[in-house]
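The lines below spell out each chain.
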Amino acid sequence: MGIIEKIKEIEAEMARTQKNKATEYHLGQLKAKIAKLRTQLLEPPKGSSGAGEGFEVTKFGHGRVALIGFPSVGKSTLLTLLTGTHSEAASYEFTTLTCIPGIIHYNDTKIQLLDLPGIIEGASEGKGRGRQVIAVSKSSDIVLMVLDASKSEGHRQILTKELEAVGLRLNKRPPQIYFKKKKTGGISFNSTLPLTHVDEKLCYQILHEYKIHNAEVLFREDATVDDLIDVIEGNRKYMKCVYVYNKIDVIGIDDVDKLARQPNSVVISCNLKLNLDRLLARMWEEMGLVRVYTKPQGQQPDFTEPVVLSVRWLHSGRLL
């Protein structure tokens, strides 16, 4: 039985199992098994060169942004409008087959924008070029999820599910769980507050599923079983994501207003070139870039070539 079949079998078992106090330990173990299998699924086949031809794009500039979405939602057109780089656009699906980079010149900085092939349902299982697309997305600073405004909600849920399945956590922060493997001493389980989702027994069972018998675990928040599994796996990527609703010119003004008011969302029209300036401003804001202009002693400041830093870098105290 292949990995995908094993995952589907476990998911079917979870769907059949009633959720209650008596089954929470069993469900926790099943979630850990699925997480392990999905990690195996993401490993490149033996003898392969990794990301695949056309996807090895060298990082350039002060930040990297990936365009993710279903086929024919306007990613290639958006790349052309923002960067001037030509990316073939047509009315049929899968026009883009490789990763096409472009450079956005904004606020005296250079931001690399990547147009990726359209994701299809099942990308996390390797369908289409899903594995390569997701690998490049993980190397980006933020993700722009481009959606068709006329059918956005269903697509957004499917894309989020596919990205979650491969370890991309959108607009979430890492769980406040301290985890460290040890060579001896058994398992030490502690928490700084009452826990409602995980107890010591469940934690032991999940660690046993990973064949971990010596570790230190400290919960600093009321985290879930999924959070604990994410910390044990250790390969999750927590990223900012801006939901870009394109083709607003084909829906009513009330629908546009509703989409625009959703969290982390920007509405645009590539066809009419509407609201692209707001998209650039939001992208800049989410990337947390800061320009620092140098001033030699006794001379005027140099406003031509700023030093570009990340807000996260500044908050780490390295500038002090």
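We now turn to the structure provided with this report. (Residues numbered from 1 in each chain as written. Predicted model: local features only at pLDDT ≥ 70, side-chain atom pairs only at ≥ 80, totals over all residues. Heavy atoms only, no water.)

## Observations regarding the sheet that holds strand β7 (residues 187–191)
Next, step 1: Pairing within the open sheet is mixed, and its three strands lie in the order β6-β8-β7. With partners counted over all chains shown, the strands left at the sheet margins are β6 (177–181) and β7, one partner each. Going across the sheet, the axis of each strand differs from the next one's by a mean of 5 degrees, ignoring polarity.
Next, step 2: Note that β6 and strand β8 (residues 215–219) share five bridges and pair antiparallel. Paired with K181 across the two strands is A215, which belongs to β8.
Next, step 3: Where helix α6 (residues 200–209) meets the sheet, it contacts β6, β7 and β8, and its direction lies at approximately 140 degrees from that of β7.
Next, step 4: With respect to the sheet, helix α7 (residues 225–233) is in contact with β6 and β8, its orientation differing from that of β6 by roughly 40 degrees. (Pairing = 2+ DSSP bridges. Helix = DSSP H or I, 4+ residues; strand = E, 2+ residues; numbered from the N terminus. Axes fitted to C-alpha atoms, helices over the stretch in contact; angles between N-to-C directions. Contact = heavy atoms within 4.5 Å.)

## Thoughts on the pattern of salt bridges
Next, step 1: Under the counting rule described, the total for this entry stands at 14 salt bridges.
Next, step 2: As a salt-bridge pair, E24 and K21 come within 3.5 Å of each other at their nearest N and O atoms.
Next, step 3: Given a relative accessible area of 22%, E24 falls into the partly exposed group.
Next, step 4: By relative accessible area, K21 is classed as exposed at 60%.
Next, step 5: With a shortest N-O distance of 3.0 Å, R261 and D257 are connected by a salt bridge.
Next, step 6: A relative accessible area of 66% means that R261 is categorised as exposed.
Next, step 7: A network of salt bridges, in which partner residues are shared, links E164, R169, K172, D230 and R236. (Salt bridge = Lys/Arg side-chain N within 4 Å of Asp/Glu carboxyl O. Buried < 20%, exposed > 50% of the residue type's maximum accessible area, 1.4 Å probe, protein only.)

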